[in-house]
Structure formats: structure tokens, C-alpha cells
Amino acid sequence: MKELVWFRNDLRVADNPALTAACKQNNGVQACFVVTPRQWQEHDWSPARVQFVIAHANALAEDLAALGIPLTLIQAQTFDDSVEKLEQFCREQGIVRLHFNEEYGINERRRDKRLKQRLDELGVNVCKYRDQTVAPVGAVLTQQEEPYSVFTPFSRRWKAWIEENQPVVLPRPASQGAAIKPEKLTDIPDAFREAPTPLVETGETAAHQQLETFLEESAGRYKEDRDFPAIDGTSQLSPYLANGVLSGRQCLLAAREAQGGGGNQEGYVTWISEIAWRDFYINILYHYPRISMHRAFKPETEALKWNEPGDAFEAWKTGNTGIPVVDAAMRQLNKTGWMHNRLRMIAAMFLTKNLFIDWRLGEAYFMSKLVDGFLASNNGGWQWSASTGTDAAPYFRVFNPTTQSERFDPKGLFIRQWVPELAKLDNKRIHDPGKGGVIPGGYPRPIVDLKESRKEAIAKFQALKD
Ligand code: FAD
């Protein structure tokens with residue numbers, strides 16, 4: 001077998017350009033996945049995400065084995081080590097071509113460049129594919145051929161690109177030989193053993209079922225429901241998308257098909273825009289490598305003097321700030337490895353504006369807990385909330401978490417679920433328990449004055465301008 005497919009952030013068989021291209025060579029295909037626990041630890045991967053990835057690498061091994069393609073699990077510690085081990089593997093197996101779908105973080109790009117140099121010397125052809133987004137990364141540009149840094153014009157051009165190019169999904173490749181027994185990873189590295197109960201079922205089939213159910217049952221109401229955390233109004237497909245078990249193209253085309261079948265059109269259109277957000281942030285990561293290096297998109301905001309994290313950061317992380325909606329959100333994150341989008345914005349703005357703590361700390365904490373941790377979207381979301389990013393919320397627009405809570409969790413259903421200390425409060429007091437009464441036992445007073453801290457944050461941003 002001379003063709004090798006290296007699976008990374010694309011743990012699926014269907015609609016996989018690297019796998020499809022390798023199979024077309026009729027040269028015998030094998031696959032590999034590199035297990036890099038130290039790299040994962042150094043980059044704040046959460047146990048939930050590591051367990052998700054391992055379960056899906058195993059599921060992929062099974063799917064590939066049924067097609068007669070063996071998947072080898074290569075153990076390496078870091079990216080440098082991956083390069084060594086992959087080179088060795090290619091040499092030992094007599095590989096003529098290595099196929100993979102591109103990743104856009106700076107470390108991944110450096111690793112791939114080093115590997116290509118080494119394989120060029122060995123005479124192994126490296127074939128790369130642009131798979132991670134609906135329109136290939138770099139294809140959606142301004143008229144001046146520049147990258148977009150604002151979402152709305154990007155999404156307009158993105159939609160036009162789709163109409164002009166009509167993307168398709170690639171079918172599952174045909175069998176490459178008799179079915180074989182898959183190799184499986186049974187050992188979870190020590191650092192990642194303690195993880196929440198999995199949020200979603202394992203495997204490509206389960207991912208497609210979830211997509212189908214969402215499109216049939218909820219997408220029509222997505223526009224109305226998506227901001228209410230107590231309603232199951234969003235798809236919860238993010239762990240699959242973040243790790244490539246589903247592709248953006250598959251989601252887009254399935255949504256368009258469902259949309260054609262009737263129902264509330266606006267729901268589908270709004271949901272498709274979320275896929276555009278994902279593509280937007282991946283493009284930002286690609287065009288502005290400083291994003292991967294923990295730098296602000298807006299360089300002038302590097303001058304902000306953030307507060308020392310201290311006890312306030314601990315209270316935020318553990319869900320004990322005395323602001324019920326923030327605490328409910330953080331407790332959901334800690335317990336399940338997932339957080340609703342509206343709450344991600346509220347929790348991130350509270351940390352960066354009211355507590356004035358560096359967005360980088362929040363970004364890393366989210367990464368260390370999220371099952372869908374994805375550098376491009378996590379960084380994009382954090383920098384948006386902190387007003388240091390691309391399409392950032394203007395610095396003077398600071399969410400008031402209490403008002404957000406009254407608006408998006410009017411009966412306090414979400415808060416009651418995650419902050420049981422407050423469950424007996426009425427629909428008004430639950431958003432602001434300190435107001436007009438005794439705070440129920442054990443629940444903290446707000447650690448910060450929302451109005452004062454908002455004013456101070458705005459003044460600090462204003463000072464940058466002056
Ligand atoms: P749906 O509403 O069903 O949306 C469908 C898909 O579109 C999502 O699965 C996701 O892939 C994509 N999407 C939706 N909203 C966004 C968005 N604002 N930006 C980019 N893509 C989006 N998303 C991640 O996948 N990984 C992260 O690490 C991540 N961190 C975030 C951090 C912050 C501070 C913020 C504000 C947002 C973050 N997001 C992240 C984006 C968004 O919150 C999640 O994608 C969404 O909540 C996932 O739930 P869902 O699958 O039900 O989404």
C-alpha cells in the first residue's frame with residue numbers, strides 16, 4: 001500500500017478530499033492518526049475533547065477497516081515528534097504519497113512545512129487539500145483580493161461564492177479491499193481521564209442523525225429560539241464540526257435541502273449564517289497568524305492594562321461571581337464541556353469588561369473545558385467579546401448580564417437548573433438576588449458593581465483612543 005492518508009481534524013470517511021484523492025490513485029491506501037498527549041496538554045485541550053477525539057479516531061478506524069483500509073495509531077508526544085514518527089512510518093511502509101487536509105493554526109502549519117521538507121528529501125509526494133471550510137480558505141476575498149476583516153461583507157461574498165461554485169459533498173469512497181480488523185486506542189492518557197459524560201453520540205452516523213433531527217425538528221424555529229439557553233434551540237453539532245466528524249459543506253447542503261422542503265425559511269437562513277461565521281474565523285486564523293500567537297487582532301488594544309486575575313478569576317471559573325446567569329453558564333461549562341452561544345458571549349464579556357481580566361485567560365480556560373474547543377472560533381468569540389477582535393462588539397457596547405438574563409432566560413429556568421441555591425426565587429429576583437431581600441444561603445453577593453465596572457472599562461478603551 002503506497003498511499004497514506006493522515007487524519008487530523010477531519011475524523012470522517014464521507015466528504016473527505018484527502019481520503020477520496022488517495023483512493024483514486026488505485027495504489028493501495030492506508031491511514032494514520034497521530035496521538036500527541038503532550039501537545040494536547042500544552043495547548044489546553046480539555047479531557048472532554050480528548051475523549052471525544054479518541055472515541056472518534058476509534059470509530060473512524062472501524063469505518064475504514066470495513067473499507068479494507070488499515071488505520072495505524074502513531075504515538076508521539078509533540079508536533080516535532082510527530083514529524084519524526086511520520087517520516088519513519090513513510091520510510092518503513094514505502095509510502096509514495098502522503099495526503100492530508102490542511103489545518104490553519106501556526107503550529108500546525110509549521111509542523112506541516114517541516115514534514116514536507118523531510119518527505120521531499122525522502123521522495124514522498126505531499127498532497128494537501130483545502131477542506132475545513134465551505135469555500136476553500138482564501139477563496140472569499142474583497143475586490144482588491146484582500147481578506148475580509150468584517151463579517152457582514154464576508155458573508156455576502158461567501159454566499160455569492162456558493163451560488164457561483166455550487167459546492168458538492170464527496171461520497172464515501174468505495175471499498176479498497178476485504179474488511180480487516182481495526183486497531184483501537186484503548187488507553188486514555190492520564191491527564192484526560194476525568195471528563196464529563198459525552199455530550200453527543202459517537203460516530204459519523206450519529207452525527208448525521210443529529211443533523212437530520214435538528215433540521216427536521218428545530219431549524220425552522222432557529223431564528224426565534226437560538227438565544228434562549230433553556231430551550232434546545234441550537235444544533236449542538238459543534239463537537240462534530242470542531243473535529244471534522246461533519247464538514248461545513250455537509251451541514252450547508254443538508255440545510256439547503258431541508259429548506260427547500262418547506263418550513264420557516266428564516267430559521268435555515270440564520271443557521272447557514274452560523275456556518276459562515278465558522279468559515280469567517282477560520283479565514284481570519286489563516287490570514288492573520290498573530291491570532292495563533294495569543295495576540296490581539298486590533299494591535300492598539302495590546303496596550304490595555306488588564307487587572308490581575310486573582311480571586312475574581314477563580315470566582316468566574318467556578319461559577320461563584322454572584323451574577324446568576326454568569327454562574328449558571330460557567331457551571332454548565334464545567335459540568336458538561338459545552339456552553340450555549342448566548343452565554344459564551346455573556347460570560348466572556350463579564351470577564352473582560354466587568355472584571356477587566358485579559359481575554360487570553362478566558363480563552364484558555366474555555367479551551368481547557370470545551371468539548372468543541374476550536375482555536376479559530378474560540379479566539380474569534382473571545383476577541384469579539386473583549387472588543388479586541390475583527391468584527392468586535394464596539395467597546396462601548398457592554399452587555400449587562402442581568403438585563404441579558406431577564407431577556408433570554410425570563411423565567412430563570414436555565415438559572416434554576418444550574419444554580420439550585422436560587423431555585424425558589426421568583427422570576428424577577430432570580431436574575432438579581434441581592435436586590436430587595438436576603439440572598440439565599442451559600443450564594444455569594446456580586447463580586448463587582450456592574451454599572452461602575454462597565455463605566456471603568458469604557459473609560460480604559462476610550463483612553464486608548466485619546
Ligand atoms: P449552532 O447555533 O447550531 O450553530 C451551528 C454551527 O455553526 C456550530 O456548531 C458552529 O460550528 C458554528 N457556529 C455557530 N456560531 C458560531 C460563532 N459565533 N462562531 C463560529 N462558529 C459558529 N465555537 C466552537 O465551535 N468552538 C469554540 O471553541 C467556540 N468558542 C467560543 C467562545 C466564545 C467566547 C464565543 C462567544 C463563541 C464561541 N464559539 C465556539 C461559537 C459558538 O458559541 C458555538 O459554535 C456554538 O455555541 C455551538 O453550539 P451549536 O453547535 O448548538 O451551534
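All chains use their own residue numbering, which begins from 1 and follows the written sequence. Residues qualify for local features only when their pLDDT is at least 70, as the model is predicted, and side-chain atom pairs are given and counted only at 80 or more; totals for whole chains, interfaces and linings, by contrast, use all residues. With hydrogens and water excluded, all non-hydrogen atoms of the structure serve as input to the side-chain values.

A. Geometry of the sheet that holds strand 4 (residues 97–101). Here, any two strands with at least 2 DSSP bridges between them count as paired. Comment: elements are numbered from the N terminus, with helices defined as DSSP H or I runs of at least four residues and strands as E runs of at least two. Read from one edge to the other, the open sheet built from five strands follows the order 3-2-1-4-5, with strand pairing classed as parallel. Each edge of the open sheet is held by one strand with a lone partner, namely strand 3 (71–75) and strand 5 (125–129). Pairwise comparison of adjacent strand axes, ignoring direction, gives a mean angle of 25° for this sheet. Looking at chain direction, strand 2 (residues 29–35) and strand 3 are connected through five bridges and run parallel. By the bridge assignment for strand 3, Cys32 is matched with Thr72. Packed on one face of the sheet, helix 3 (residues 47–66) meets strand 1 (3–7), strand 2 and strand 3 and runs near 150° to strand 3. To obtain each axis, a line is fitted to C-alpha atoms, and for helices this fit is confined to the stretch in contact; angles are then taken between N-to-C directions over 0 to 180 degrees. When checking whether two residues touch, look at their non-hydrogen atoms; a contact exists if any pair is within 4.5 Å.

B. Structural context of the site of the ligand. Here a residue counts as near a molecule or strand whenever at least one of its heavy atoms sits within 4 Å of it. Tyr222, Thr234, Ser235, Gln236 and Asn341 are the nearest of the 28 residues found near the ligand. Pairs of N or O atoms within 3.5 Å make up the polar contacts considered here, provided that, within protein, one atom can donate a hydrogen while the other can accept it, and that residues adjacent in sequence are counted only when both atoms are side-chain atoms. The backbone of Gln236 places a nitrogen or oxygen atom 2.6 Å from an oxygen atom of the ligand. Separating a nitrogen atom of the ligand from a side-chain N or O atom of Glu274 is a distance of 3.0 Å. Considering the ligand on its own, with 820 Å² of exposed area, one finds that the protein chains cover 96% of that surface. Of all the secondary-structure elements, those providing two or more residues to the shell around the ligand are helix 9 (238–242), helix 11 (265–287), helix 14 (341–354) and helix 16 (375–386). Each residue gets one label: Ala, Val, Leu, Ile, Met, Phe, Trp, Tyr, Cys and Pro are nonpolar, Asp, Glu, Lys and Arg are charged, and the others, such as Gly, are polar. Partitioned by chemical class, the residues of the shell around the ligand number 15 nonpolar, nine polar and four charged. Note: domain ranges come from an automatic or database domain assignment. For the shell around the ligand, the two domains that each supply at least three residues are domain 2 (133–167 + 205–287) and domain 3 (299–465). Accessibility throughout is a Shrake-Rupley quantity obtained with a 1.4 Å probe, and a residue counts as covered only by protein chains that appear here.

C. Focus on the pattern of salt bridges. What makes a salt bridge here is a side-chain nitrogen of Lys or Arg within 4 Å of a carboxyl oxygen of Asp or Glu, nothing more. Inspection of every chain in the model, using the stated rule, returns 31 salt bridges. Close ionic contact of Arg193 with Asp187 constitutes a salt bridge, the shortest N to O distance being 3.4 Å. Classification of Arg193 by relative accessible area gives partly exposed; the value is 44%. A salt bridge links Asp227 to Arg342; its shortest N-O distance comes to 3.1 Å. Here Asp227 is found in the loop between helix 8 (222–225) and helix 9, whereas its partner Arg342 is found in helix 14, with 115 residues between them in sequence. Grouping residues by exposure puts Asp227 and Arg342 together as buried. Bridged by salt links that share partners, the residues Arg8, Glu103, Arg111 and Asp112 form one connected network. The classification of residues rests on relative accessible area computed with a 1.4 Å probe and restricted to protein chains. Under 20% of the type maximum is buried, over 50% is exposed, and intermediate values are partly exposed.

D. Molecular detail of the UniProt feature "domain: Photolyase/cryptochrome alpha/beta" (unreviewed entry) in the protein chain. Mapped onto this numbering, the UniProt entry annotates "domain: Photolyase/cryptochrome alpha/beta" (unreviewed entry) at residues 1–134. Helix makes up 49% of residues 1–134 and strand makes up 20%, while its end C-alpha atoms are separated by 31 Å. UniProt positions are given in the numbering used here, feature names are shortened, and annotations may be inferred rather than shown by experiment.

E. Local environment of the nonpolar core. As used here, the term nonpolar core means buried Ala, Val, Leu, Ile, Met, Phe, Trp, Tyr and Cys residues forming a set that is joined through side-chain atoms within 4.5 Å. Trp158, Trp271 and Trp316 are the most contacted members of the largest nonpolar core, which has 125 residues in total. The element that contributes the greatest number of residues to this core is helix 11, accounting for ten residues. Counting residues in hydrophobic clusters, the runner-up holds 17 residues, among them Leu4, Ala76, Phe89 and Leu98.

F. Quick look at the packing of aromatic side chains. Between the rings of Phe, Tyr and Trp (Trp by its six-membered ring), a pair exists once the centres lie within 6.5 Å; its type follows the angle of the planes, with under 30 degrees stacked, over 60 edge-to-face, and the other angles tilted. Enumeration according to the criterion identifies 27 aromatic pairs in this entry. Relative to Phe100, the ring of Trp6 lies with its centre 5.5 Å away and its plane at 80°, an arrangement referred to as edge-to-face. Remark: Phe100 occurs in strand 4 and Trp6 occurs in strand 1; sequence separation between them is 94 residues. Residue Trp6 is classed as buried on the basis of its relative accessible area, which comes to 2%. Of the residues examined, Phe100 reaches a relative accessible area of 1% and is grouped as buried. Arranged with centres 5.9 Å apart and planes meeting at 75°, the rings of Trp316 and Trp382 form a pair that is edge-to-face. Here Trp316, found in helix 12 (residues 310–318), pairs with Trp382, found in helix 16; they are 66 residues apart in sequence, far enough to count as distant. Considered together, Trp316 and Trp382 belong to a single accessibility category, that of buried residues. One aromatic cluster in this structure is built from Tyr148, Phe151, Phe154, Trp277, Phe280 and Tyr281.

G. Fine view of the domain arrangement of the protein chain. The domains assigned to the protein chain are domain 1 (2–131), domain 2 (133–167 + 205–287) and domain 3 (299–465). The interface is formed by ten residues belonging to domain 1 together with nine residues belonging to domain 3. The quantity reported as buried area is the accessible area (1.4 Å probe) lost by two parts once they are put together, taken as the sum for both. Taking both sides of the interface into account, the surface hidden between domain 1 and domain 3 amounts to around 630 Å²; carbon and sulfur atoms contribute 58%. On the domain 1 side of the contact with domain 3, Asp44, Ser46 and Arg49 bury the most area, a combined 61% of that side's loss. There are zero salt bridges connecting domain 1 and domain 3. Our enumeration of links across domain 1 and domain 3 arrives at four residue pairs in polar contact (both at pLDDT 80 or more). In terms of residue class, the side of domain 1 that touches domain 3 is made up of four nonpolar, four polar and two charged.

H. Quick look at the side chain of Ser273. By secondary structure assignment, the location of Ser273 is in helix 11. On the basis of relative accessibility, which here comes to 16%, the residue Ser273 falls in the buried class.

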